[in-house]
Amino acid sequence: MVKADGLAAGKGVSVCFTEDDAARFLREVMVERKFGDAGERVVIEEYLEGEEVSVLAFTDGREVIPLIASQDHKRAFDGDEGPNTGGMGAYAPVPAYGPAVADVVREEILDRVVRAMAERGIPYRGVLYAGLMLTAAGPRVLEFNVRFGDPEAQAILPLLETDLVEVLMAAVRGELRGARLDWRPESCVCVVLASGGYPGPYRTGMPIEGLDSASTMEGVEIFHAGTRRQGGAFLTDGGRVLGVTARGPDLARAVELAYRAVARISFPGMHYRTDIARRGLLGR
Ligand code: GLY
């Protein structure tokens, strides 16, 4: 992968399968200056192919307790097309993330980064988010965040049976040793309803219909991301407006319930992906 190091509106990157491809793109960036100063420096990285997963963990600076894995859908449109967004939906757990890879991630990635931070005198307590690519050669780190993921948290936390506050307090107090997390043996899917135009410019203030009807469905929870209340009604007030989340005994039934809830909600310009969790259903 060859990338212009500066900001290039998401276009300054090329997947180069041959040295000729790389030389051609480098010439465009550094000699022809296609991206101006953004191409003064380039970054060259290993090309990673595989399933992308988000693995979050609680840590008290020593102990690491991973949560179940989830998969985000970062592109705006079905089939992973269109521009990158903050995330158009997520599901958990991820069938492709089995116990063997979970052990590798824990030992080779999560434990090591937490230990390294402690050794540097900056112990981290809280939620560590590892964005990973599961490649044929093993898991590779794409990014770390020091927070929950959005919308990953909406797909993970409804399955957590353990009291979240107790775990967080144990992390803060350095008392996670011996703690364990209990999970509902179910699947959870979150479909993000976005404003028309998002992640580009969009209008706000659109009246949202159907929230009461959708939120009374058994197993459905609706998270407000970009809404505001006006009188007794809710209006859109952001790019990602709602996270319509459903639990089910398996992934297929969670998906079906989430989209039945989505069908009850509407606002002018509303758009969402219709293929959230499809990769999980295909067992990739
Ligand atoms: N959904 C991606 C993130 O929270 O970083």
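Look a little higher up for the structure.
Residues numbered from 1 in each chain as written. Predicted model: local features only at pLDDT ≥ 70, side-chain atom pairs only at ≥ 80, totals over all residues. Heavy atoms only, no water.

Novice: Outline the overall build of the protein chain, listing residues and values.
Specialist: Helix and strand counts for the protein chain come out as seven helices and 16 strands. Whereas a compact globule of 284 residues would reach a radius of gyration of roughly 19 Å, the protein chain reaches 21 Å, a difference of no more than 12%. Relative to its 284 residues, the protein chain shows a buried fraction of 45%. Of the accessible surface of the protein chain, which amounts to about 14800 Å², a share of 50% is contributed by carbon and sulfur atoms. (Helix = DSSP H or I, 4+ residues; strand = E, 2+ residues; numbered from the N terminus. Rg over C-alpha atoms; globule rule 2.2 N^0.38 Å. Buried < 20%, exposed > 50% of the residue type's maximum accessible area, 1.4 Å probe, protein only. Areas by Shrake-Rupley, 256 points an atom, 1.4 Å probe, with all protein chains shown as cover.)

Novice: So what's going on with unusual backbone geometry? Which residues, and what values?
Specialist: Here the bond from Ala92 into Pro93 is cis, since omega is -10°, no more than 30 degrees from zero. Tracing the backbone through its elements, the reader meets Pro93 in the loop between β9 (89-92) and α2 (99-119). In this model, Asp150 is joined to Pro151 through a cis peptide bond whose omega is 20°. Inspection of the secondary structure puts Pro151 in the loop between β11 (138-145) and α3 (152-156). With a phi close to 55°, Arg33 is a non-glycine residue in the positive phi region. Turning to its location among the elements, Arg33 is positioned in the loop between α1 (19-31) and β3 (42-44).

Novice: How would you summarise the side chain of Arg240 if you had to cite specific residues and measurements?
Specialist: For Arg240, the position within the fold is in strand β16 (residues 240-248). Within the structure, Arg240 has its side chain in polar contact with the backbone oxygen of Gly86 (distance 3.2 Å). Setting aside anything within four residues of it in sequence, one finds Arg240 in contact with Gly86, Gly87, Asp150, Pro151, Val192, Leu193, Ala194, Tyr198, Ala225 and Gly226. (Polar contact = N/O pair within 3.5 Å; in protein donor to acceptor, adjacent residues only side chain to side chain. Contact = heavy atoms within 4.5 Å.)

Novice: Would you mind going over the site of the ligand in detail, with residue names and values included?
Specialist: Surveying the vicinity of the ligand reveals the residues Asp72, Gly86, Tyr129, Asn145, Arg147, Gly149, Asp150, Pro151 and Glu152. One of the backbone nitrogen or oxygen atoms of Gly86 is found 3.1 Å away from a nitrogen atom of the ligand. Here a nitrogen atom of the ligand and a side-chain polar atom of Glu152 are 2.9 Å apart. With the chains in place, 90% of the 200 Å² that the ligand exposes on its own is no longer accessible. (Near = heavy atom within 4 Å.)

Novice: Help me get a handle on the environment of Arg247, residues and values and all.
Specialist: Looking at where Arg247 falls in the secondary structure, it is placed in strand β16. In this structure Arg247 comes out as partly exposed when scored by relative accessible area, which is 22%. Between the alpha carbons of Arg247 and Val189 there is a distance of 6.6 Å; along the sequence they are 58 residues apart. Non-local contacts of Arg247, meaning those with residues more than four positions away in its chain, are made with Pro158, Leu159, Arg184, Glu186, Ser187, Cys188, Gly219, Ala254 and Leu257. At 2.9 Å, the side chain of Arg247 and the side chain of Glu186 are in polar contact.

Novice: Can you lay out the pattern of salt bridges for me, pointing to particular residues and giving the numbers?
Specialist: Two side chains carrying opposite charge are able to pair once their charged atoms lie near each other. Per the stated rule, a full pass over the model turns up 22 salt bridges. Asp37 is paired through a salt bridge with Arg33; the nearest N and O atoms lie 2.6 Å apart. For Glu256, the salt bridge goes to Arg260, with nearest N and O atoms at 3.0 Å. Here Glu256 and its partner Arg260 are both found in helix α6 (residues 251-262), four residues apart, which amounts to about one turn of the helix. (Salt bridge = Lys/Arg side-chain N within 4 Å of Asp/Glu carboxyl O.)

Treat this as a map of the structure, not an account of what it does.
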